[in-house]
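An overview of the molecular structure
Each chain, letter by letter, is given below.
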Amino acid sequence: MQIFTCPFCGPRDESEFHFGGEAGNTRPDGAGVPAERWAQYLYMRANPKGATREVWVHLTCGEFFVMERDSVGHKVAASQALGGAEKSE
Amino acid sequence: MSAERLSTGGSAIDRARPLSFSFDGRKVDAFAGDTIAAALLANDVAIVGRSFKYHRPRGVWGSGVEEPNALVDIAGRGPNTRATTEAARQGLVAVSVNASPDAARDRSAFLDRFARFIPAAFYYKTFMWPDWHRFEPRIRAMAGLGKVDPTWTAPEAADQINHHCDVLVVGAGPAGLAAARLAAHEGKSVLLVDEQMVPGGSLRHRDGEIDGKSTAQWITESLSAVTGAGQLFLPATTAFGIYDHNLVALNQRHQDGRPDTLWRVRPRRIILATGALERPLPFADNDLPGIMAADAALVYLRCYAVRVGRRIVIATNNDSAYEVAEALIEAGAAVTLIDMRQDGLPSAPKGVTVLRGRMIASAQGKSSVESVTLDDGTRLTVDSVLVSGGWTPTLHLFCQARSKLAWSEKRAAFLPGDPVEGIAVAGAANGAVSLSEVFTDAVRATQSPSPAPASTGREASGGVVPAWPIAGAKGRIWIDYQSDVTAKDVELAARENFVSVEHLKRYTTLGMATDQGKTSNLLGLALLAGISGRSIAETGTTTYRPPFTPVPLTSFAGPRSGELMAPVRRLPLENTHRAQGAVFQEYGGWLRPAFYGGTDAEAAIQDEARRARQSAALFDGSTLGKIEVIGPQAAAFVDFIYYNTMSTLKPGRCRYGFMLSENGVVFDDGILVRLDEHRFIVSCSTSHVGAVHVRLEEWRQDRFGRDAVYIHNATSEMATLTVSGPASKQLLATLDLGLSLADADLPHMAIGEGRFAGDLLRVARVSFTGDRSYELSIRADRAEILWRSLQEAGKAFDAVTLGLEALMILRAEKGYIVISKDTDGTTMPQDLGVDGPRTKRQTDYVGRRSLFTEVAQAPNRLQLVGLAVPDGEPPLAPGAHGILQDGLKLRSQGFVTSSYLSPVLGRPIALALIERGAARHGETIDMQHLGQKRHATITAPCVFDPSGARFNA
Ligand SMILES: [Zn+2]
């Protein structure tokens, strides 16, 4: 059982969280988006070995946030609320 | 064997408290403090079980968790309990494993004579044709260990405890006690655990003097120092797993019959003082009863006053057996010590013959060992053989924490490799041999400035020579007692190119079963290394995984069984419905009335559905989602969330719509209510409320911003009671609801606000039945009086109360879908006949781009239709396929999603997803279900009141 840190609530058991996808997967708007770009948005993931940036939701408070962690050693490096650095991407 | 209980001694037993228990039907006398194994040895029971595969007689090997042989089934405790760790209790009933009628007289013992015909993988290779499963049941019945009692149920739920501490010390031997004492002294919160029933580890049976005190005194003092500082010691508690972020799981055994307790511990620092396990020596027939770990014999002698034999040969490759020899001589046994080493031997204990540079080549005996033959041909008559093949540090937990091991040629053992954050290894587990080494190491592990306890007395050296099995040796050299693996099996595996340790394990079962190869793994991989010309370090170990020792499933389950396994959500009016005779079922996680009254479910459901169309019907729709979307951007938000344009909805009106996933698939359907300019209520499917809420939050936070929209899930705050049917308006008119029910004021798809008994009442004219309907939403805690008033008013209209089953019939007559029943993971809105927004909408919405892919526009998509069956035929089976001859192949062209008998139509109806279905109304197709073929005619999904006249009737 891992410990994740919600930027609003602090460290909590991983069972309180849901995965929300890789961070920075920006949605291309409009009906005219090329098929390749849309497919990339929907399906293509980097799935990096090592350092990752991911969106998670803390189900008990309902807040989405970005978490930096290591996909191999599972060490959590940082958590930050959406609307901060993430929104400028 | 000629083991016996001595008349004096035994630090663990209380001779004033005799007791007896039964083993294989035989009465065994014991004392309080005995383990089952100690008591069996005291009664000279040589054969305690039969081996897994060959039914060979096996005796007690060790004195702790490493025990591969002495497994017993204990009534009420479970199968495969280690006799070496289980306390003897008055009246306990223990039965040996894999033996019939008992271990001593096992009927399947003949199997051992065929052993050379059934080597590793024999069953895989032999029973390939015609089908392994034909042979499996009989083979399985002959192999295996303990028996599970299928009738057993847990008398009570196991406790589960979450615990935090500064330092968790695993193992209360010399290193663990010293470390825990230091940590407690420094004011840290400490949890000390040991899998034995009493603390002390090797100090309980090994010589020594610490800080000028006896070992027993030092154990007591150290423990008092820990508990006296307010810290916790848990005996009979095994740390069986380290999980992510250093969560440690403990299983605590109780002596009072309670189920074991599971502890989840979050320590800041873990000190593993888990000791080391003694290895067997490889020689022919080294598995005979009476051959035992040397250290275990010392445990039985000093803690339980059991001398395991009179004429004893001790074979060793290291110093640790010398103390055993000395103690047994003093206890009156004749002892010969056979040391593999040529040099660096300790001085021979008085009265012990030491044969230098020799080893045992083979053992002989029928039901227990009677003699041994040395490598120089010398034959010695014995009644007990004690072996020490060196020590393997217990590093299972260390490895579970993803740490690497490093091979030490000098110690002939794997030692901890690079350190892992938050975990320290101390004492024998870290390769320390003498007591002074152990204490120095414990102080280092605690990072304490304090001096180490001073030990005096015997100081064993770390000198050891390899004692690995060698390929091509004569006779049957047993590597893994529990899994019945010999050196020849390992050679066979290597010959067949299973040279990875992981493959070796799976091919031969080496290191499997309840002991997970605690005594055998290293011998097996050393042999494999030798055969394949690699070093032991290169060969490596198999992966260590939890649990270290078997853990009862009750511990993992804790309170989560029965009703608490997946708790249902309950309606505010559940008791009222029960009083009305409702029969409940679970729907989408909610416990809801399926139908009311009667034992004939089908008749009751048909009756409810028929009467609902006649006059008036009442039902409880409280589970429908009620998620409020509020804020300046609320209209733009719902436009983006829904497939349908929602911003054009006027305040006070309702609209039906779909929510899609980004891949274009219909995720949910339902009514959106606009209360005012900036306030909407999303009424989503019962089973989807949680998921829809999270989805709305995600788009709000990620796209619209926290200031633009506010979302509030009010589902459980309000109960929703529905009145449907031609007489629904007249029924409601008899109540004072504080609003006009005139159709001009409250038309179909409008919402009005009133008051009932002083409380806010929302009345929505939306219909899931196809009849004029009113959904009345009120505070959940006031729903009871409203429901009773509706029931009372309904009497004059012969109103019927509907369960969910009848409601399902009514909605299917109208062709209304239930998400993920009438849709699947590919259904898009155009497949349900709602193509307008796709072709007309100009603004973006969730899933839009996906509706224009090649797949989304394919001509052969499954589309929602109705299916009619020929007159007089019964309903189609849900899941029945529409089939099509496609060349030589028969293939599916869709399937039935809902099927009912419609009482108002007097015939079966069905909804289905069928290829190109929308364009094929009137066509008759072949259906197939479980081999049975029928015909059905494609119709529109809606087969009752297609014009919708009844909404306003
Ligand atoms: Zn939170």
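See the structure above.
Computed from a prediction, not measured in an experiment: that's the story for all the values here.

Residue and element names in this part refer to chain B. A barrel is described by the order of its strands in space; here 6 strands give the closed sequence β48-β51-β50-β49-β52-β53, paired in antiparallel fashion. Neighbour to neighbour, the strand axes of the sheet diverge by 45 degrees on average, direction disregarded. Where strand β49 (residues 881-886) and strand β52 (residues 924-929) come together, 3 bridges link them in antiparallel fashion. When the bridges of β52 are listed, glycine 882 appears paired with methionine 927. Sheet strands touched by helix α21 (residues 804-813): β50 (889-902) and β51 (907-915). Its angle to β50, the strand with the most contacts, is close to 120 degrees.

This part is about the pattern of salt bridges. Residue and element names in this part refer to chain B. Tallied over the entire structure, the rule returns 70 salt bridges over all chains. Between arginine 570 and glutamate 563 there is a salt bridge, with its nearest N and O atoms 3.4 Å apart. The network of salt bridges with shared partners includes Arg56, Arg58, Asp112, Asp285, Asp287, Arg476 and Asp484.

Facing 28 residues of chain A, the contacting portion of chain B comprises 26 residues. Between chain A and chain B, a total of about 2,200 Å² is buried, with carbon and sulfur atoms accounting for 46% of that surface. When the area that chain A buries against chain B is broken down by residue, the three leading residues are Met1(A), Arg27(A) and Phe64(A), summing to 26%. Where chain A packs against chain B, one counts 6 salt bridges. We note a salt bridge from Arg27(A) to Glu662(B), for which the minimum N-O separation is 2.5 Å. In this assembly, chain A and chain B are joined by 18 residue pairs in polar contact (both at pLDDT 80 or more). For the side of chain A that touches chain B, the secondary structure elements donating two or more residues are α1 (35-43) and β5 (63-70) of chain A. The dominant element in the side of chain A that touches chain B, judged by the number of residues it contributes, is α1(A), at 5 residues. Considering only residue class, the side of chain A that touches chain B consists of 16 nonpolar, 6 polar and 6 charged.

All names here are of chain B. For the bond from serine 100 to proline 101, the omega torsion is 0 degrees, close enough to zero to count as cis. You can see proline 101 is positioned in the loop between β8 (93-96) and α2 (122-126). Of the consecutive residues proline 546 and proline 547, the connecting peptide bond is found in the cis state with omega at -5 degrees. Counting through the fold element by element, proline 547 comes out in the loop between α13 (536-539) and α14 (553-557).

Conventions and cut-offs
Residues numbered from 1 in each chain as written. Chains lettered and ligands numbered in written order. Predicted model: local features only at pLDDT ≥ 70, side-chain atom pairs only at ≥ 80, totals over all residues. Heavy atoms only, no water. Pairing = 2+ DSSP bridges. Helix = DSSP H or I, 4+ residues; strand = E, 2+ residues; numbered from the N terminus. Axes fitted to C-alpha atoms, helices over the stretch in contact; angles between N-to-C directions. Contact = heavy atoms within 4.5 Å. Salt bridge = Lys/Arg side-chain N within 4 Å of Asp/Glu carboxyl O. Buried area = accessible area lost by both parts, 1.4 Å probe. Polar contact = N/O pair within 3.5 Å; in protein donor to acceptor, adjacent residues only side chain to side chain. Nonpolar A, V, L, I, M, F, W, Y, C, P; charged D, E, K, R; others polar.

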